[in-house]
Amino acid sequence: QVQLVESGGGLVQAGGSLRLSCAASGSIFSGNVMGWYRQVPGKQRELVARITSGGTTAYADSVKGRFAISRNNAKNTVYLQMNSLKPEDTAVYYCAALPLARAPTWGQGTQVTVSS
């Protein structure tokens, strides 16, 4: 069954902003590191940002200063605020639950397209 559902993707001009949301089931959200990844056709999925249950964050160098990951534990939701978007940010963005010593759980993805 679906455990992670992304939303908020769309088409935006360079320099614009989007906010992605990931609604998760409580069983996989609670206590887990959550992350956002992105993938372009023909390339491997890459880490964009991750956040611990306590709120500690980490970002890919390419998005530092532009993106911000956050989570609302009461709502079992993780967010990715994307500002100053660039065409190279265009990708399918995936939410993931990253439990310790177990395989990650992935959402279905949401398309983000940034036009020049």
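Look up: the structure comes first, before these words.
Rules used throughout
Residues numbered from 1 in each chain as written. Predicted model: local features only at pLDDT ≥ 70, side-chain atom pairs only at ≥ 80, totals over all residues. Heavy atoms only, no water. Helix = DSSP H or I, 4+ residues; strand = E, 2+ residues; numbered from the N terminus. Buried < 20%, exposed > 50% of the residue type's maximum accessible area, 1.4 Å probe, protein only. Contact = heavy atoms within 4.5 Å. Disulfide = S-S within 2.5 Å. Core = buried A, V, L, I, M, F, W, Y, C linked by side-chain atoms within 4.5 Å. Pairing = 2+ DSSP bridges.

> Where do I start with the overall build of the protein chain in this structure?
Per the secondary structure count, the protein chain includes one helix and 11 strands. Each helix and strand of the protein chain, placed in order from N terminus to C terminus, yields the pattern β-β-β-α-β-β-β-β-β-β-β-β. Along the first, second and third principal axes, the C-alpha set of the protein chain runs to 40 × 25 × 20 Å. Counting only residues that meet the buried cut, the protein chain has 40% of its 116 residues in that class. A separation threshold of at least 6 residues defines the contact pool for the protein chain, and within that pool the share at least 24 residues apart is 53%.

> When you look at the state of the cysteines in this model, what are you seeing that I'm missing?
Here, the word disulfide means a covalent bond between the sulfur atoms of two cysteines. For the structure shown, the criterion picks out one disulfide. Two residues, C22 and C95, share a disulfide whose sulfurs are 2.1 Å apart. Here the disulfide of C22 and C95 is left-handed, its torsion about the S-S bond being about -85 degrees. Of this pair, C22 sits in strand β3 (residues 18–24) while C95 sits in strand β9 (residues 91–98), and the two are 73 residues apart along the sequence. For C22, a relative accessible area of 0% corresponds to the buried category. For C95, a relative accessible area of 0% puts it in the buried group.

> Honestly, the nonpolar core in this entry has me stumped. Any pointers?
Counting residues in hydrophobic clusters, the biggest one holds 27 residues, and the most contacted among them are M34, W36, V78, L80, M82 and Y93. Within the residue set of this core, elements represented by two or more residues are β3, α1 (26–29), β4 (33–39), β5 (46–51), β7 (67–72), β8 (77–82), β9 and β11 (110–115).

> Any chance you could explain the pairing of β3 here in plain terms?
A regular strand carries its side chains on alternate faces of the sheet. Of all the seven residues making up β3, five are buried; the element is thus mostly covered by neighbouring parts of the structure. The sheet contact formed by strand β1 (residues 4–7) and β3 spans four bridges and is antiparallel. Bridging from a neighbouring strand, S7 pairs with S21 of β3. Sheet topology places β3 next to β8; six bridges connect them, and they run antiparallel. The partner of L20 across the bridge, within β8, is L80.

> What is the right way to read unusual backbone geometry from this model?
Peptide bonds are mostly trans, and most non-glycine residues show a negative phi. The residue N76 is not glycine, and still its phi comes out positive at about 50 degrees. Following the sequence through the fold, N76 ends up in the loop between β7 and β8. With a phi close to 60 degrees, A101 is a non-glycine residue in the positive phi region. Counting through the fold element by element, A101 comes out in the loop between β9 and β10 (105–106).

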